[in-house]
Amino acid sequence: MEAARLAEQKGVPVLRRYMQMEIVPAADEALEFRNYLLREEHRDHVRLLDPTAERDHELLRMCGWCNCICCDETWLSVEEAVNYLGLFGAPQLPQITHGICPDCALNFKDLA
Ligand SMILES: [Zn+2]
């Protein structure tokens, strides 16, 4: 098995990190996961990503790799989803559950 490389984007409320994960074979049929920081960008505070924000019982599905959010079967960036769902200034925010968006799923399929 050769090393596999995946690009991913990790978001925190005020920072966007572009990462690369490398999966390489290790001894005894194990796999080693290596993560590299490619670059960081400042972003305006995104309350939806703030772990201290109050949450209601609604669920939003976020891609665990690129942080896009599924809105009515369309995957949007966090900022687009906040606007689309009218969450800016909402007293409570939905909880976030994780999945994988179709684009990221295709990247994994290409590795198989
Ligand atoms: Zn994704």
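Residues numbered from 1 in each chain as written. Predicted model: local features only at pLDDT ≥ 70, side-chain atom pairs only at ≥ 80, totals over all residues.

Engineer: Sorry, what's going on with the overall build of the protein here?
Structural biologist: Within the protein one finds two helices and seven strands. Reading the helices (α) and strands (β) of the protein from amino to carboxyl end gives β-β-β-β-β-β-α-β-α. Residues classed as buried in the protein amount to 12% of the 112 residues present. Sequence-distant contacts, at least 24 apart, represent 55% of the contacts inside the protein between residues at least 6 apart. (Helix = DSSP H or I, 4+ residues; strand = E, 2+ residues; numbered from the N terminus. Buried ≥ 20, exposed ≤ 12 C-beta atoms within 10 Å, placed from the backbone. Contact = placed C-beta atoms within 7 Å.)

Engineer: What am I meant to see in the nonpolar core here?
Structural biologist: Side chains of nonpolar character tend, in soluble globular proteins, to be buried together. The biggest cluster of nonpolar side chains holds 12 residues, and these are Val46, Leu48, Met62, Cys63, Trp65, Cys68, Ile69, Val78, Ala81, Val82, Cys101 and Cys104. Elements that contribute at least two residues to this core include exactly strand E4 (55-63) and helix H1 (78-84). At three residues, the largest contribution of residues to this core is made by H1. (Core = buried A, V, L, I, M, F, W, Y, C linked by C-beta atoms within 7 Å.)

Engineer: Would you explain the confidence of the model for the protein in this entry?
Structural biologist: Detailed reading of the predicted model is not advised wherever pLDDT is low. Of all residues in the protein, 87% attain a pLDDT of 70 or more, and the chain-wide mean is 86. Averaged pLDDT values for the elements of the protein fall to 65 in strand E1 (residues 4-12) and rise to 96 in strand E6 (residues 74-76). (pLDDT = per-residue confidence, 0-100.)

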